[in-house]
Amino acid sequence: MCRHRGRKVPLGEGATVTSSRTPNGDEPPGPAQAPDALRRSLGVVDGFAIAASSTAATTSIGIGLGVTAGAVGLHLPIIMLLAFLPILGIAGAYSRLNRVEPNMGSGYVWVGRSLSPWLGFLVGWIGIVSTIVFLAYTTTVTGSALLQLAGESGLHELSGIRLDPDSTAQSTALGIVVLVAVTFTAVTGLRSAANLQKYLLVFEYVVLLGFCGYGLFAGTHPFSLDWINPFTIPSVEQLAQGLLLSVFCFWGFESTFSVTEEIRDPQDASKAGLITLFTMLGLFLLGSFAFQRVLSLDELTGHGAQGLTYFGDRLADQPLAALPLIALTLSAVASLQSGVIPTVRGMFAMGRDRTLGPLWTKVSPRYGTPAAGTVVVGCVAAAIAVLSLVLPKVGDLILASVNAIGVVVALYYALTALAAAARFRGAFRESRSLAVRAVVLPVASAGVLLALGGYLCWTFATSADHFEVSPDNGWFMLLCPAVMLLTGVVAAGWAKWARKSPYFVTGLSVAPDALAEPVPGPA
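Procedures and definitions
Residues numbered from 1 in each chain as written. Predicted model: local features only at pLDDT ≥ 70, side-chain atom pairs only at ≥ 80, totals over all residues. Heavy atoms only, no water. Helix = DSSP H or I, 4+ residues; strand = E, 2+ residues; numbered from the N terminus. Polar contact = N/O pair within 3.5 Å; in protein donor to acceptor, adjacent residues only side chain to side chain. Core = buried A, V, L, I, M, F, W, Y, C linked by side-chain atoms within 4.5 Å. Buried < 20%, exposed > 50% of the residue type's maximum accessible area, 1.4 Å probe, protein only. Contact = heavy atoms within 4.5 Å. Phe/Tyr/Trp six-rings, centres within 6.5 Å; stacked < 30°, edge-to-face > 60°.

Draft legend 1. The side chain of Thr459, seen in detail. On the secondary structure map, Thr459 appears in helix 15 (residues 432-462). Polar contacts involving the side chain of Thr459 include one to the main-chain carbonyl oxygen of Leu456, which spans 2.6 Å.

If you want it as structure tokens, here you go:
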């Protein structure tokens, strides 16, 4: 384990950071103002509720399975299992890093310390931007689900306007109303938000287990060994895209690490993340088998955002058939709320390092949450949701968003895993089994994700000869993650040279007061 020798530099009343002189012997730039403390009010169940809601199993099953089936066909169970393996290695890296340095900045802090401040900032930036894009598209998905509910209840027209769940404009307008409401609940307190997530999760999982369990036995399509045989997937390109889409489905388990400074025992964050990950695997495998038992390939790929609704209609009559749609709606609402929470916490960690502005470190004295930052994130997500109207169909928006986020998520997961391997490289001197867990598995997981992301970017770049705003256009699909990365480089340059953040000198983040490392004595 790498230990940093140094001294504590005061950052203001009550806050310290473990630091050393720069390689040139210079002192780091001037002190940062100490941020206010957040309230520690959560336990492992609360962390699980936030991470599980962020991962959004119901939304991933109801929408993501159809998108993934469009890439790999009827191989959903095996593609989900294969994608889980590198994600498990990534989760191990997160848990081990959180054990020695619990910090709401998570990957941003750990990568900056072990690899490079530039890469660390990029990890933090990618996490912020990808989640805001996710919030924007989930806003539209939420509105679409509500419009589907209106249709199921007999409301097909309002003020002379025909209600269309596949209309991006209608879905976005309605979804923004929901986004405003969940942003308010995220402002008023993490405890109330976590409690709401628990109730939503219980309902979602009961419905999922009931309908998917019944679908395993009631489905008319026979089980096939091809479903668990990756070698019958037609091409390497389809396998790579399917794996990256499946990685996206698991994305969100790390949300619990972003609230580690608000969990009473920070180690509970690691427990909550791993529990979430294995729970998601079980639900995804159940959903994959059930959907393929009940629906044909054309039905899986042809219903887009309405896939879960169609699945429910195939298994039950009204009003029971509406339960999966209600679960999807609640899952989308929970995803909006749980997406706002970790994003603002990550920006809080970056703000106290002066890599972002002071707005993000302002804590409401009434609620004990970063209220101002939460409102701004909600507003930015709403603005991006409006900009997404260039894609008129909800299905097209989902496909474009999921592919773009999948590429950048693979990158920041991989960098965090490599940071763990670098930090714990001394494990080779302790034991072989520890070295495998702490170094070899994270490096292997990072290698898989980087290969997947790189290969998919290459196929996007070579699959088109002109640019068009369409999820079928490779250059457009490549532009989305490229913009996320390039804006991160620009923002990092601004933080280093304009804000003169000490993070870019030392590679160290401001530690939470109670978690500051002890200073070693003279050697």
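Draft legend 2. Geometry of the nonpolar core. In terms of nonpolar packing, the biggest core is built from 138 residues, with Phe121, Phe250, Phe253, Phe311 and Tyr413 touching the most fellow members. Ranked by residues supplied to this core, first place goes to helix 14 (residues 394-423) with 18 residues. When near neighbours in sequence (up to four residues on either side) are disregarded, Phe250 contacts Thr55, Met80, Ala83, Phe84, Ile87, Leu277, Met280, Leu281, Phe284 and Tyr413.

Draft legend 3. Spatial organisation of unusual backbone geometry. Cis geometry marks the peptide bond from Gln318 to Pro319; its omega dihedral reads 5°. Not every positive phi belongs to a glycine, and Arg354 is a case in point at roughly 65°. Position of Arg354 relative to the elements: it lies in the loop between helix 12 (323-352) and helix 13 (371-387). Residue Arg354 is classed as partly exposed on the basis of its relative accessible area of 23%. Phi at Lys500 takes a positive value of approximately 50°, unusual for a residue other than glycine. Summarising the element assignment, Lys500 is placed in the loop between helix 16 (474-498) and helix 17 (503-506).

Draft legend 4. Inspection of the packing of aromatic side chains at higher detail. All chains considered together, the criterion is met by 25 aromatic pairs. Between the aromatic rings of Phe134 and Trp251, the centroid separation amounts to 5.5 Å while the plane-to-plane angle is 85°, which identifies the pairing as edge-to-face. A residue pair is termed long-range when its members are at least 10 positions apart, and Phe134 in helix 5 (residues 117-152) and Trp251 in the loop between helix 8 (236-250) and helix 9 (267-294) qualify at 117 residues. Here Phe134 and Trp251 have matching classes, each one buried. Summarising the aromatic geometry, the rings of Tyr503 and Phe504 are spaced 5.5 Å apart at their centres and angled 90° between planes, so their arrangement reads as edge-to-face. Put simply, the rings of Tyr108, Trp118, Phe121, Trp125, Trp497, Tyr503 and Phe504 touch in pairs and so form one group of aromatic residues.

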